[in-house]
Amino acid sequence: MQETRTEVNRIMHAHLKAIKKKHEALADIAKADLKTYLTNQVAIGEHPDIGAEIEKKIETISHHNGVVGTINEMSWDDSLSDTKVPE
């Protein structure tokens, strides 16, 4: 039974690490888009309601940062930032 539990822990750890990386990447993409909106005149011209677009990007960043923060706060597994999967 212990081997099965260990394998389940390894699978769960791998999934949480992947989910964390996914949301970090999605937040980075939204930040890059937001920076483009704020610094590029052409980007503003492509979006007639630029304020709404900026707000959407901020909300997207907040959402993805929240998922990453929740994973980081999980007290039952402090090793998610490590590259090694627990044995």
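Everything numeric in this text was worked out from a predicted model, so none of it was measured. (Residues numbered from 1 in each chain as written. Predicted model: local features only at pLDDT ≥ 70, side-chain atom pairs only at ≥ 80, totals over all residues. Heavy atoms only, no water.)

1. Things to note about the overall build of the protein
Here is step 1: A count of helical and extended segments in the protein gives 3 helices and 0 strands.
Here is step 2: Secondary structure elements in the protein, listed N-terminal to C-terminal, are α-α-α.
Here is step 3: The 87 residues of the protein split such that 24% are buried.
Here is step 4: For the protein, the share of sequence-separated contacts (at least 6 apart) that also reach a separation of at least 24 residues comes to 73%. (Helix = DSSP H or I, 4+ residues; strand = E, 2+ residues; numbered from the N terminus. Buried < 20%, exposed > 50% of the residue type's maximum accessible area, 1.4 Å probe, protein only. Contact = heavy atoms within 4.5 Å.)

2. Some words on helix α3 (residues 50-73)
Here is step 1: Taking 1.5 Å per residue as the helical rise, α3 with its 24 residues ought to reach 34 Å, and the 34 Å between its terminal C-alpha atoms agrees with that figure.
Here is step 2: Taken as a whole, α3 has its buried residues at I50, E53, I54, K57, I61, H64, V68 and I71. (Expected span 1.5 Å × (residues − 1).)

3. As for the pattern of salt bridges
Here is step 1: For the structure on display, the rule yields 2 salt bridges.
Here is step 2: In this structure, the salt-bridge partner of D33 is K57, at a minimum N-O distance of 3.0 Å. Here K57 lies in helix α3 and D33 lies in helix α1 (residues 2-39), a separation of 24 residues in the sequence.
Here is step 3: On the basis of relative accessibility, which here comes to 18%, the residue K57 falls in the buried class.
Here is step 4: A salt bridge links K56 to E53; the shortest N-O distance between them is 3.5 Å. Within this pair, K56 and its partner E53 are both found in helix α3, separated by 3 residues, close to a single helical turn. (Salt bridge = Lys/Arg side-chain N within 4 Å of Asp/Glu carboxyl O.)

4. Digging into the nonpolar core
Here is step 1: In this structure, A30, L34, Y37, I50, I54 and I61 together form the largest nonpolar core, which totals 6 residues.
Here is step 2: Those elements giving two or more residues to this core turn out to be α1 and α3.
Here is step 3: If we skip the residues at most four places from it in the chain, I54 touches L34, Y37 and L38. (Core = buried A, V, L, I, M, F, W, Y, C linked by side-chain atoms within 4.5 Å.)

5. Points about the environment of E55
Here is step 1: Relative to the helices and strands, E55 resides in helix α3.
Here is step 2: With a relative accessible area of 46%, E55 lands in the partly exposed category.
Here is step 3: Along the backbone, E55 and L34 are 21 residues apart, and their C-alpha atoms lie at a distance of 9.2 Å.

6. Some words on the confidence of the model for the protein
Here is step 1: Mean pLDDT over the protein works out to 83, with 79% of the residues at or above the 70 mark.
Here is step 2: Looking across the protein, the model is least confident in helix α2 (residues 41-46), with a mean pLDDT of 72, and most confident in α3, with 95.
Here is step 3: Per-residue pLDDT stays below 50 along residues 83-87; that stretch engages in 7 contacts with residues further than four places along the chain or on separate chains. (pLDDT = per-residue confidence, 0-100.)

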